[in-house]
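# Summary of the model geometry
What follows is each chain in one-letter form.
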Amino acid sequence: MDRRLFLTYVGSSTAALVAASSGIGALTGNAMTGDHLINGQPSGKGKSLTSPFKSISRTWENDVVLPKGYNYSIIASYGDKINSLGEKFGDAADLTVYFPMDSLKGGSNSEEGLIWVNHEFPEPENYMKILGINESTFKKENLANYPELLKMEKEAVGGSVIHVKKEKDGWKLVVDDTYNRRVDGNTLIELTGPARGSKYVNGAKTVVGSLGNCSGGRTLWNTVLSCEENTEYGDDYGWPNFTDEHYGWVVEVDPFDPKRPVRKHTALGRFAHENTAMGLTNDGRVVVYMGDDKGDACFYKFISSKKFNPANREANFDILESGTLYVASMKEQKWIALDHATNSKLQEQFADQADVLTNARAAGKAVGGTLLDRPEDVEIHPHDGSVFLALTNNTGHGNFHGQIVRFVPANGDHASEAFTFEVFVAGGQQSGITCPDNLHFDSKGNLWVVEDFGASETNQYAAYKNCGVFMIPTDGKQYGEPFQFASGPKGSELTGPWLTPDEKTLFLDVQHPSTWNQYPGQTFGRSCLVAVQGGSFK
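Here's a quick rundown of the structure. Computed from a predicted model, the values in this text were never measured in an experiment. Throughout, residues of each chain are indexed from 1 in the direction in which the sequence is written. Restriction of local features to residues with pLDDT of at least 70 applies here, the model being predicted, together with a cutoff of 80 or more for giving and counting side-chain atom pairs; totals for whole chains, interfaces and linings are based on all residues. Excluded from the side-chain calculations are hydrogens and water; all other atoms, namely the structure's heavy atoms, are used.

### Describing the overall build of the chain
Secondary structure counts use DSSP, requiring at least four H or I residues in a row for a helix and at least two E residues in a row for a strand, with both numbered from the N terminus. Within the chain one finds seven helices and 34 strands. Atoms counted for the radius of gyration: C-alpha only. Globule rule: 2.2 Å times residue count to the power 0.38. Taken against the 2.2 N^0.38 rule, which gives 24 Å for 538 residues, the C-alpha radius of gyration of the chain at 22 Å falls within 12% of a compact globule. Projected onto its principal axes, the C-alpha coordinates of the chain cover approximately 60 × 60 × 50 Å. Across the 538 residues of the chain, 60% fall into the buried class. We call two residues in contact whenever any of their non-hydrogen atoms come within 4.5 Å of each other. Sequence-distant contacts, at least 24 apart, represent 61% of the contacts inside the chain between residues at least 6 apart. For accessible areas, the Shrake-Rupley method is used with a probe of radius 1.4 Å. Any residue's cover is judged against the shown protein chains and nothing else. Counting only carbon and sulfur atoms, one obtains 46% of the accessible surface of the chain, whose full area is about 20,000 Å². Each residue is assigned to one of three classes by its accessible area relative to the maximum for its type, calculated with a 1.4 Å probe on protein chains only: buried under 20%, partly exposed between the two thresholds, exposed over 50%.

Written out as structure tokens, the structure is:
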């Protein structure tokens, strides 16, 4: 069965997607090819999109491996000092968003700018080595007795704003620049929207810290949206006095203005946010697509009440504070509003809209949202407006390799409640990729994909070796054919792909390498931000 198979979906989980895309056999009798019209143009029939590089092979090599002619340089690593306050680049680098230095003037400077980097989680076992704490006797329940360790954990998460510049010998961090700063586990952050001050967040209007920052996105007004994916730090790491409901939100940061408050937007719901993809409806309102990174979780979109104002940046800073959150039903091929005022099912189970948003995962399931196989990164195609969603895997369903699904909004309008969808690429032997995670489009419409899996020489991922980066054409004769661009060091994921406007530099993060890029005086590897150059990326 062709991997571009278009499915008219029946059922309440992604079992049909997995079966059809893996060659097991379709669970529905209604199917057609994927070459259907998207905004009037047939997919797979357009101008040929081809790889600008020779695909590399899978490897166990403990390095960032690239095609011939490309090279990388490290810009910042965990523990590097970034300003005169002594703040340091955080750990577990994930999302990367590049802002040209002249962004606020409509510019596209590709040689100097600000970069936001997410720091997803702390790595306590490494910090214990630095501090000389005996891991064998340490218990996370006693973390409060180790103030230096707790301090390191809180300073390792959140995100970094750094000023970067392209020099003759590569990209460099501009150290001690006034823009350089940290948002971490100690930062005071404002809540906005319906749940602000509600009993569901213990009456809080301000919370402490941003945690579990996985991916995110860039807004139309040049701020970053950083997504809180994991909320249970009290259970996972033993953080004392922890309130789960203060985390799991989408966080907005203005990289150009350190004085502007950092905010968590409760109108976008609380769940294991992977990232955001922002676009516009036909009538000018903002749409934000979001995945919930968990097995048997849902796909969401938010539509603002207010219209985007391209002429006045300041007018857009409250645009994410009010609007409607929707959940996707693949069975009905429609978006269902999570609106307490109009939905009787929500009224039966939730007290008000603040309750719905704080417990958005339960609300999505209550109204019939389809349970998917780890919906992670989502991006909007730059040419046809279709929406690509990475479903990483769900081993409980026997789906070890995941797939990428392409959604087409009815009438080409992101405000539409109706959609169709197809499996764009299925992970596994046919495509050669597995466990798709972060996504990023280049200007031609090629999709860049990174993987998230842990291979050993004996497990089900042995043939895939180290995690990689792939470019996949979304049109032409090589539609849906992955070309491997990079391979990460042992134990790592390559995360946060982001191209400069001139597409001569690709930024990547190397997350949790085992031994590569070692911390000074230690044997463990350090997460870092790298710049890749030397050839074409489109």
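### As for the side chain of H265
The residue H265 is located in strand β16 (residues 263-265) in this model. We define a polar contact as two N or O atoms separated by no more than 3.5 Å, with the added condition that, inside protein, one atom must be a possible hydrogen donor and the other a possible acceptor, whereas residues neighbouring each other in sequence contribute only through side-chain atom pairs. Here E252 takes part through its side chain, which lies 2.7 Å from a polar atom of the side chain of H265. Filtering out sequence-adjacent residues up to four positions away, H265 remains in contact with T192, W249, V250, E252, L320 and E321.

### So, the environment of V510
Along the chain, the position of V510 falls in strand β33 (residues 506-511). What makes V510 buried here is its relative accessible area of 0%. In contact with V510, other than residues within four places in its own chain, are V64, P489, S492, E493, L494, W516, R526, S527, C528 and V530.

### Some details on the state of the cysteines
What counts as a disulfide here is a pair of cysteine sulfur atoms lying within 2.5 Å. For the structure on display, the rule yields zero disulfides. Counting only cysteine sulfurs, C227 is the nearest neighbor of C214, a cysteine outside any disulfide, at a range of 8.0 Å. By relative accessible area, C214 is classed as buried at 3%. A disulfide-free cysteine, C528 has its sulfur positioned 15 Å from the sulfur of C467, the nearest such atom. Accessibility expressed as a relative area gives 0% for C528, which makes it buried.

### Some points on the environment of D502
Topologically, D502 is positioned in the loop between β32 (493-499) and β33. Taking the C-alpha atoms as reference points, D502 and N145, 357 residues apart in sequence, are found 50 Å from one another. A polar side-chain atom of D502 sits 3.0 Å from the main-chain amide nitrogen of K504.

### A few points about the nonpolar core
We define the nonpolar core as a collection of buried residues of types Ala, Val, Leu, Ile, Met, Phe, Trp, Tyr and Cys that are connected through side-chain atoms lying within 4.5 Å of one another. I75, I115, W116, I162, F507 and L529 are the most contacted members of the largest nonpolar core, which has 37 residues in total. Every element with two or more residues in this core is listed here: β5 (71-77), β6 (93-100), β7 (112-119), β8 (158-167), β9 (170-173), β11 (188-192), β15 (250-253) and β34 (528-533). Among the elements that line this core, the one with the most residues is β6, at five residues. When neighbours within four sequence positions are excluded, I75 is seen to be in contact with V164, W171, K172, L173, F507, L529, V530 and A531. Counting residues in hydrophobic clusters, the runner-up holds 30 residues, among them L268, C298, F308 and V367.

### Here's the deal with the packing of aromatic side chains
Each aromatic ring pair is specified by the distance between its two centres and by the angle formed by the two planes. By convention, a stacked pair of Phe, Tyr or Trp rings (six-membered ring in the case of Trp) has centres within 6.5 Å and planes under 30 degrees apart, an edge-to-face pair has planes over 60 apart, and any other such pair is tilted. As enumerated under the stated definition, the model contains 38 aromatic pairs in all. Ring geometry for Y70 versus F537: centroids 5.5 Å apart, planes at 65°, classification edge-to-face. Of this pair, Y70 sits in the loop between β4 (41-42) and β5 while F537 sits in the segment after β34, and the two are 467 residues apart along the sequence. Using a relative accessible area of 11% as the deciding quantity, one classes Y70 as buried. Three or more aromatic residues joined by ring pairs form one cluster here, namely Y289, F299, W335, F407, F419 and F421. Seen from the ring of F317, R260 lies directly overhead, with NZ or CZ sitting 3.6 Å from the centre. If you follow K301 out to its NZ or CZ, it ends over the ring of Y326, 5.6 Å from the centre. A ring is considered to have a charge above it if a Lys NZ or an Arg CZ atom is located within 6 Å of its centre and within 35 degrees of its normal.

### Details of the pattern of salt bridges
Criterion for a salt bridge: a side-chain nitrogen of Lys or Arg within 4 Å of a carboxyl oxygen of Asp or Glu. All chains considered together, the criterion is met by 20 salt bridges. Salt-bridge contacts for R374 lead to D452; the nearest nitrogen and oxygen are separated by 3.5 Å. Of the two residues, R374 is situated in the loop between β23 (372-373) and β24 (375-380) and D452 in the loop between β29 (447-451) and β30 (468-472); the sequence distance between them amounts to 78 residues. Put simply, D384 and R406 hold a salt bridge, and the shortest N to O gap is 2.7 Å. Here D384, found in the loop between β24 and β25 (387-391), pairs with R406, found in strand β26 (residues 403-409); they are 22 residues apart in sequence, far enough to count as distant.

### Digging into the packing of helix α2 (residues 124-131) against helix α3 (residues 147-156)
Look at α2 against α3: their axes get within 10 Å of each other, and the N-to-C directions meet at 130°. By the angle between their directions, the pair α2 and α3 is classed as oblique. Handedness of the α2/α3 crossing: right-handed. Note on element contacts: α3 touches α2 through E148, L149, M152, E153 and A156, opposite P124, Y127, M128, I130 and L131. Residue polarity follows a fixed list, in which Ala, Val, Leu, Ile, Met, Phe, Trp, Tyr, Cys and Pro are nonpolar, Asp, Glu, Lys and Arg are charged, and the others, Gly among them, are polar. For the contact of α2 with α3, a count of residues per class yields eight nonpolar, no polar and two charged. Helix axes are fitted only over the stretch in contact, all axes being lines through C-alpha atoms; the angle between N-to-C directions runs from 0 to 180 degrees. Each angle gets one of four labels, with under 35 degrees taken as roughly parallel, over 145 as roughly antiparallel, 65 to 115 as roughly perpendicular, and the rest as oblique. The crossing is said to be left-handed when, going from far helix to near helix, the turn is anticlockwise and less than a right angle, and right-handed when the turn is clockwise.

### Details of the sheet that holds strand β17 (residues 273-280)
The sheet built from five strands is open, its strands ordered β17-β18-β20-β21-β22 with antiparallel pairing. Edge positions in the sheet fall to β17 and β22 (334-337), since each of these pairs with one other strand and no more. Neighbouring strand axes in the sheet, compared pairwise and without regard to direction, differ in orientation by 30° on average. Taken together, the six bridges between strand β18 (residues 285-292) and strand β20 (residues 299-307) define a ladder with antiparallel strand orientation. Strands pair, by our definition, only if DSSP identifies at least two bridges between them.

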